[in-house]
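# Descriptive analysis of the structure
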Amino acid sequence: MATVTAPLPGIQAHEEKTKLRISDYFKWTVDHKIIGVQYMVTSLFFFIVGGALVMMVRWELLTPTLDLVQNGTQFNQLFTMHGTIMIFLWIIPMFAGFGNYLVPLMLGAKDMAFPWLNAFAFWLIPPAGVLMILGYFAGQAQAGWTSYPPLSTLFSDGDGQTMWAIAIHILGLSSILGGLNFIVTVRNMRPEGMSYFQMPLLIWAILATSIIVVMATPFLAGGLTLLILDRVAGTAFFNPAEGGDVLLWQNVFWFYSHPAVYIMVIPGFGILSEVLSTHSRKSVFGYRAIALSSLVIALVGFTVWAHHMFTSLMPSLRIPFMLTSMIIAVPTGIKIFSWIGTIWGGKIRLTSAMLFALGFLSMFVIGGISGVMLAAVPFDLHVHDTYFVVSHFHFVLYGGSVLAIYAGLYHWYPKITGYMMDERLGKIHFWITYVAFFFTFFPMHLLGMLGMPRRVAVYAPEFQTLNTIVSVSAFVLGISTFIVLFNLVYSLYKKRVAGPNPWRALTLEWATDSPPPAHNFHGDPVFFSNPYGYGTEAAYRYLEEQEKELGPSYPKTMEPSTQAMAHAAPAPAGD
Amino acid sequence: MTDVSIKPVDAHAAHDAHSDAKHEAQRNDSLKFGMWLFLASEVILFTVLIATFLVWRVNNGELVHQVHEATGVFLVSVNTFLLLASSFAMVMGLRQIQLNNTGGLIKWIGLTALLGAIFVGLQGVEYTILSNEGITIYSSEFGMRFYAPTAMHGAHVIFGVIWALYVVMNARRGKYSSKNNIGVEIFGLYWHFVDVVWILLFTVIYLL
């Protein structure tokens, strides 16, 4: 491979000023870029932990009988920790990492509104994660990530369950502080002249997410407070035998956790809008529709919680919640159609980022359709607590959120590190992940409809064939993750310099060096009036000016295919 | 579509007095807005705890009346008055610093902290009395729903007292002035919030 013989002026300049050492990332700092990377690396670590746990779950489920674990309790601990870690320590903080890194840059700001609070919110996460894992030495939590009482109160003896609740409490506080920081930043730190409707769609997504975080997470905090009191102080909030109410938890928990599933996916929507538009060189179709539908989802998301409780709820309440749940498919559908409209007729470059974005688009639709199926009461009563549900939420959380995270990683890695990621490895990673993902989770639909309950270690022998397919695919999926982890590190050593704007994108985070200097921009950056105005003469001139200022957008050493992509950059999609 | 050039602006040149003032105004606005968002999330946290009481209260009115008759509301009324007075002290403190009187600020915020501390102390006395009558957190349907929200509120008061002392400490170092008192104002938002929550708790738990 070619080496960089003559460093480009812009790149050389930044290397002197912003060379960060590895140790800088392990220290308390208020720089949002370092905090963003800290979030991302921490969550990637927990992604591996959560992944390892589920590999054990799938190993156990290869056969209908117990083999890997000795008893049901151990199995319960495995999937409880898998779910909790993946949600609270991987997807939510990973998106917070993207938000932290990108929101100030996209707004042309020097930092978040409250840099100190930002650092504080991050540093709550590692101790909470450690506390949760330490539960293994005190009788780990085993009531599932939903932690329904009385399972989590009367039938969970170990202190791990209490530690679990405290850890979630801390993570919730971290989320709230991070969320209000985002809202204030978006409201007050926009560059002069940038209206809300000129913001990149990722910012809209982070804004909608943060509103949910600030408004919904305290419900969980309230519920957890009562749960901890039940476990520690001997109260009986959730024990009907002593005057408590067992449904109280389910209502409070889902009043948080249904909005929270949108916390876990709306930032992915934002990433998708950026990646699809940039890599198909076409303006986003229906900018306002995408921006506002996030807010609609955030709002309607608060009215659907009881669809998780169709089997425990008063029957008369089922229909209203069925209707609201189905209504929420409308704003989501608006997004999907807008994205298809965005890439339709575009100059699509199948970079790794784009492939993962397209993967999201296809797989998330399946998850959305099974979601509408589950919203229908008669169908839900049939498949409640079966593998159909497991399949549904993995299609939206893995096929949605995780693929969006991958798309984001490939898209912004050049900005964050200053180096290109290896595209060939990226494509290998995509295809293995995509296929293995499908064969891991699609057969679960069948298992669920055939009646296999979730959260069991022992199952009826006739389910073994499908379970073996699922497990083997899951192992491949697990291994495929190491390709991207390897790529992330390998590309750092390979040092293929990226240049300030390798994708020739129009949003502001690209209008500075890669990685950006300590104060993000040289002087005050000028934003382009339409963040997705690809293909216009004005966009072409804007990028030309940018090159004059910062040096070539991308280095001559880029792979031919990627280079072609960048060259084709400002051409209108139609020509 | 007119802005297509990237102006090479020197970051230091932009730092004149005007932009400093603007920057400070923006920062103050951010702090206040951030505090309001935080308080909004606190409202929701207390909503869960108060709703837990209210939903149960609807079906157990008799039991609540018995508790009310057995305990009376004298002590808690005194306590409520103290907390209201502390909010008044808070307002006076902010007014003093707006008049650039740091000494007045220290006195009034000190009084705020003192009244808050007495409130917590009397709450402890009340808890002891109730416990002696058999209303504990673990043995009474009323008890658990009573202690959870009031103790959560008490924790907020304790945090507020510590914050008030921190404000006093800053004031003694001369950190605040008539132009720069956002730190006091933010604390004031929090303290008034804690006060309002108490009025709600007092009404819902003791009076209804």
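Residues numbered from 1 in each chain as written. Chains lettered and ligands numbered in written order. Predicted model: local features only at pLDDT ≥ 70, side-chain atom pairs only at ≥ 80, totals over all residues.

### What to know about the overall build of chain B
- Counting its secondary structure elements, chain B contains six helices and zero strands.
- Start at the N end of chain B and walk to the C end: the helices and strands fall as α-α-α-α-α-α.
- Residues classed as buried in chain B amount to 32% of the 208 residues present.
- In chain B, of all internal contacts separated by at least 6 residues, the share reaching a separation of at least 24 is 80%. (Helix = DSSP H or I, 4+ residues; strand = E, 2+ residues; numbered from the N terminus. Buried ≥ 20, exposed ≤ 12 C-beta atoms within 10 Å, placed from the backbone. Contact = placed C-beta atoms within 7 Å.)

### Section: unusual backbone geometry
Residues and elements named next belong to chain A.
- Look at the link from Pro149 to Pro150: it is a cis peptide, with omega at 5°.
- Of note, Pro150 is situated in the loop between helix H5 (125–134) and helix H6 (160–188).
- Here Ser514 and Pro515 are connected by a cis peptide whose omega angle stands at -10°.
- If you trace the backbone, Pro515 turns up in the loop between helix H17 (464–494) and helix H18 (537–550).
- The phi torsion at Ser147 lies on the positive side, around 55°, for a residue other than glycine.
- Following the sequence through the fold, Ser147 ends up in the loop between H5 and H6.
- The buried category is assigned to Ser147, around which 24 C-beta atoms lie within 10 Å.
- With a phi close to 60°, Lys495 is a non-glycine residue in the positive phi region.
- Among the secondary structure elements, Lys495 is positioned in the loop between H17 and H18.

### A word on the interface of chain B and chain A
- Between chain B and chain A, the contact holds 32 residues from the first and 40 residues from the second.
- Among the elements of the structure, helix H1 (17–59) and helix H5 (141–172) of chain B are those that each provide at least two residues to the side of chain B that touches chain A.
- Split into classes, the residues belonging to the side of chain B that touches chain A amount to 20 nonpolar, six polar and six charged. (Nonpolar A, V, L, I, M, F, W, Y, C, P; charged D, E, K, R; others polar.)

### Observations concerning the confidence of the model for chain A
Residue and element names in this part refer to chain A.
- Per-residue pLDDT for chain A averages 90, and the proportion of residues at 70 or more is 93%.
- Ignoring residues within four places in sequence, the model shows residues 1–16, a span with pLDDT below 50, making 19 contacts including any to other chains.
- In this model residues 567–575 is a low-confidence stretch, pLDDT under 50, and it forms 24 contacts with partners more than four residues away in sequence or in other chains. (pLDDT = per-residue confidence, 0-100.)

### Here's the deal with the nonpolar core
- Core analysis: the largest hydrophobic core is formed by 218 residues, its most contacted members being Ile203, Leu272, Phe356, Ala357, Phe360 and Ala407 of chain A.
- Residues within four places of Phe360 of chain A in sequence aside, it is in contact with Gly268, Leu272, Gly399, Gly400, Leu403, Ala404 and Ala407 of chain A. (Core = buried A, V, L, I, M, F, W, Y, C linked by C-beta atoms within 7 Å.)

### As for the packing of helix H15 (residues 387–417) of chain A against helix H16 (residues 423–450) of chain A
Residues and elements named next belong to chain A.
- In the contact formed by H15 and H16, the axes pass within 7 Å of each other and the chain directions differ by 165°. With respect to H16, the axis of H15 lies roughly antiparallel. For the element pair H15 and H16, the recorded crossing hand is left-handed. Taken together, the residues of H16 that come into contact with H15 (itself represented by Tyr387, Phe388, Val389, Val390, Ser391, His394, Phe395, Tyr398, Gly399 and Tyr410) are Gly426, Phe437, Phe441, Met444, His445, Leu447, Gly448 and Met449.
- The class makeup of the residues in the contact of H15 with H16 is twelve nonpolar, six polar and no charged. (Axes fitted to C-alpha atoms, helices over the stretch in contact; angles between N-to-C directions. Parallel < 35°, antiparallel > 145°, perpendicular 65-115°, else oblique. Left-handed = near helix turned anticlockwise from the far one by under 90°.)

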